[in-house]
Amino acid sequence: MSKSFSELGIHEQFQKSLAALKITIPTAIQEKIIPVALQQQSDIVAIAKTGTGKTAAFGLPLLQLIATDNSSVQVVILAPTRELGQQIYANLVSFAANNPLVSIAGVFGGIPIKPQIERLKEETHIVVATPGRLADLMKRNAIDVQSTTYLVLDEADEMVSALKEGLDHIIKELPKSRRTFLFTATMPGALKQMIQNYLSKHVIHIEDDMTTIGHQGIDHSYMVVEPIEKLEVLLHFLNSKEGQRGIIFCKTKAAVNKLAKNLAINKFSSGALHGSLTQGIRDRIMGQFREGHINILVATDLAARGIDVKEVSYVVNYHLPDTFEAYVHRSGRTARAGAKGLSITILQKEEVPDIAEFEEELTIKFHKIEKATPQSIQENNTLIWAKKIFKTKPNHTISQEFREEIHTVFHHLTKEELIEKILANYLEQKTQGGSNSRGNMKK
């Protein structure tokens, strides 16, 4: 039976904030981490996927451990992306709603630095940051981290490569007496080395209660396609998930742009997300996705990091990821907060042997599903064509005289007759297209 937050040692003021957020029962990772954070002095390495309540697991005890009569920075929380950092910051502010004495600042890249410098001149107990921006602020002497008591590294496996330089600079400047809480979904070799270098020898290792790391509730599937039919198979799948929210992962920014353009042409409610977009555009696309204005996000691996949207029904690997860690993070975008989800990978024949390696390394089982039949693909293409017509806006530049001539051609037809003729014309054109045809429709 789950313990209450009170039994874990969380003070009443924070329990009130949680109740207002409709959070009443601790998750498994919260049950394990909160008592250790509050009652012991050791470093913590926690293996847990996003969506399991990590932020509250470290955030609640740290908010409680802050000495509000000390105006210095006592907690530094690092995240690999601005999006994840912003979510952590927003969650901490919500948790601390009934304790106005705690001061929290968020400093991230991609936005002007001067307002952040001004903010840090005020009393600040907790700083949530991306490594590059915090390292920059430290070099400008805009922040003093010499009194830091706690360091949190969230999604640390994403900070040991591209962000390692900034991370190393920050850690070297922090007091050696600090406690470090490190969270990761995977444990690559570079991260093991960093733990050896920067954490104490008596670190406590905690794993979330899952049969496999970060895969509970996820149906891992794959289908095999020919290169020429890959897009049409994807469109068929997306049509079957109409109204549901999903993320499609591509390896490169160019592939993201190309696929997003194809989805837009076919009138799918979608948006693209990759590192070359300005932060303003990324924020707008993420806002539209989070609020349900668009249902499909096409993204690269790093750009999608930090997406904490509970109602993501499926993830599509349009390209098989290069690393096992990337697959864990991709699939972890779905099945969040105890929900169920689907992670489907679209493969070419020569990639099928790679599936066995992913199964062995991640101790998961992939299910092969058959791709849609040629007839089903053709029917789906026709349905997409019909929806494109439905969503096409009228052309008001056409002259009234010409418009009336067209009306005269069709005026004697009923709506049903007009639809039948347009459909027949479309199918005739597709059949004459030869290579564009994917089979014959049922009559």
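Residues numbered from 1 in each chain as written. Predicted model: local features only at pLDDT ≥ 70, side-chain atom pairs only at ≥ 80, totals over all residues. Heavy atoms only, no water.

**Overview of the overall build of the protein**
Okay, so step 1: From N to C terminus, the protein includes 17 helices and 14 strands.
Okay, so step 2: Relative to its 443 residues, the protein shows a buried fraction of 49%.
Okay, so step 3: Residue pairs in contact within the protein that sit at least 24 positions apart in sequence constitute 77% of those at least 6 positions apart.
Okay, so step 4: A total of about 21900 Å² of accessible surface is found on the protein, and carbon and sulfur atoms cover 52% of it.
Okay, so step 5: Counting 52 positive and 49 negative side-chain charges, the protein places the averaged centre of each group 2 Å from the other. (Helix = DSSP H or I, 4+ residues; strand = E, 2+ residues; numbered from the N terminus. Buried < 20%, exposed > 50% of the residue type's maximum accessible area, 1.4 Å probe, protein only. Contact = heavy atoms within 4.5 Å. Areas by Shrake-Rupley, 256 points an atom, 1.4 Å probe, with all protein chains shown as cover. Lys, Arg positive; Asp, Glu negative; His and termini not counted. Charge placed at Lys NZ, Arg CZ, Asp CG, Glu CD.)

**Concerning the nonpolar core**
Okay, so step 1: Ranked by internal contacts, the top residues of the largest apolar core, which has 39 residues, are L60, L63, I77, L92, I126 and F181.
Okay, so step 2: When neighbours within four sequence positions are excluded, F181 is seen to be in contact with A37, S42, I44, F58, L62, Y150, L151, V152 and L153. (Core = buried A, V, L, I, M, F, W, Y, C linked by side-chain atoms within 4.5 Å.)

**Re a nonpolar patch on the surface**
Okay, so step 1: A surface patch of nonpolar side chains, about 430 Å² in accessible area, is lined by I398, F402, I406, V409 and F410.
Okay, so step 2: Looking at the secondary structure, you find F402 in helix 16 (residues 400-410).
Okay, so step 3: Residue classification places F402 among the partly exposed positions, given a relative accessible area of 44%. (Patch = residues over 30% accessible without salt bridge, like charges linked within 9 Å, V, L, I, M, F, W, Y side chains within 5 Å. Salt bridge = Lys/Arg side-chain N within 4 Å of Asp/Glu carboxyl O.)

**Comments concerning the environment of L231**
Okay, so step 1: Here L231 shows up in helix 10 (residues 230-240).
Okay, so step 2: A sequence separation of 115 residues divides L231 from I346, and the C-alpha atoms of the two residues are 9.9 Å apart.
Okay, so step 3: With sequence-adjacent residues up to four places away left out, L231 is seen in contact with L259, N262 and Y318.

**A closer look at the pairing of strand 2 (residues 75-78)**
Side chains on a regular strand alternate between the two faces of the sheet.
Okay, so step 1: What you see with strand 2 is no split at all: V75 and I77 on one side and V76 and L78 on the other are buried throughout.
Okay, so step 2: Summarising the sheet, strand 2 and strand 4 (residues 126-129) pair through 4 bridges and their orientation is parallel. The partner of I77 across the bridge, within strand 4, is V128.
Okay, so step 3: Of the strand pairs in this sheet, strand 2 and strand 5 (residues 150-153) are connected by 4 bridges, and their pairing is parallel. (Pairing = 2+ DSSP bridges.)

**Examining the confidence of the model for the protein**
Okay, so step 1: Averaged over the protein, the pLDDT score is 89; the fraction of residues at 70 or greater is 93%.
Okay, so step 2: Under a pLDDT of 50 for its full length, residues 210-214 has, in the predicted model, 13 contacts with residues more than four places off or in other chains.
Okay, so step 3: Long-range and interchain partners of residues 435-443, a stretch whose pLDDT sits below 50, account for 16 contacts in this model, where long-range means more than four residues apart. (pLDDT = per-residue confidence, 0-100.)

**What about helix 13 (residues 324-331)?**
Okay, so step 1: In terms of burial, helix 13 is a largely internal element, 6 of the 8 residues being buried.
Okay, so step 2: By the burial criterion, the buried members of helix 13 are A326, Y327, V328, H329, R330 and S331.
Okay, so step 3: Tucked into the core, helix 13 has its buried residues touching strand 8 (218-224), strand 9 (245-249), strand 12 (312-317), strand 13 (341-347) and helix 14 (352-362).

**Focus: the pairing of strand 8**
Okay, so step 1: For strand 8, the buried fraction is high: 6 of the 7 residues fall into the buried class.
Okay, so step 2: Summarising the sheet, strand 8 and strand 13 pair through 7 bridges and their orientation is parallel. By the bridge assignment, H220 is partnered in strand 13 with S343.
Okay, so step 3: With 2 bridges connecting them, strand 8 and strand 14 (residues 367-368) associate as parallel partners. Of the residues in strand 14, the one forming a bridge with S221 is H367.

**Let's talk about the side chain of N99**
Okay, so step 1: Residue placement: N99 occurs in the loop between helix 5 (82-95) and strand 3 (104-107).
Okay, so step 2: Here N99 falls in the buried class, since its relative accessible area comes to 11%.
Okay, so step 3: Those residues in contact with N99, other than ones at most four positions away along the chain, are Q13 and F14.

**Focus: the packing of helix 15 (residues 374-391) against helix 17 (residues 415-432)**
Okay, so step 1: Following both chains from N to C, one finds helix 15 and helix 17 inclined at 130 degrees, their axes separated by 11 Å at the closest point. Regarding the angle of helix 15 to helix 17, the classification is oblique. Viewed along their axes, helix 15 and helix 17 form a crossing whose handedness is right-handed. Contacts from Q378, N381, T382 and W385 of helix 15 reach helix 17 at I422, L423, Y426, L427 and K430.
Okay, so step 2: Looking at the contact of helix 15 with helix 17, its residues break down into 5 nonpolar, 3 polar and 1 charged. (Axes fitted to C-alpha atoms, helices over the stretch in contact; angles between N-to-C directions. Parallel < 35°, antiparallel > 145°, perpendicular 65-115°, else oblique. Left-handed = near helix turned anticlockwise from the far one by under 90°. Nonpolar A, V, L, I, M, F, W, Y, C, P; charged D, E, K, R; others polar.)

**Topic: helix 5**
Okay, so step 1: The end-to-end C-alpha distance of helix 5, which contains 14 residues, comes to 20 Å, matching closely the 20 Å that a straight helix rising 1.5 Å per residue would cover.
Okay, so step 2: Burial in helix 5 covers these residues: R82, E83, L84, G85, Q87, I88, L92 and F95.
Okay, so step 3: Tucked into the core, helix 5 has its buried residues touching helix 2 (12-20), helix 4 (54-65), strand 2, strand 3, strand 4 and helix 12 (279-290). (Expected span 1.5 Å × (residues − 1).)

**Side note on the sheet that holds strand 1 (residues 44-47)**
Okay, so step 1: Strand order in the open sheet formed by 7 strands is 3-4-2-5-6-1-7, and the pairing between neighbours is parallel. One side of each edge strand has no neighbouring strand; the edge strands of this open sheet are strand 3 and strand 7 (204-207). Taking each pair of neighbouring strands and ignoring which way they run, the sheet shows an average axis angle of 15 degrees.
Okay, so step 2: Of the strands in this sheet, strand 1, strand 6 (179-184) and strand 7 are in contact with helix 3 (residues 28-39), which crosses strand 7 at around 160 degrees.

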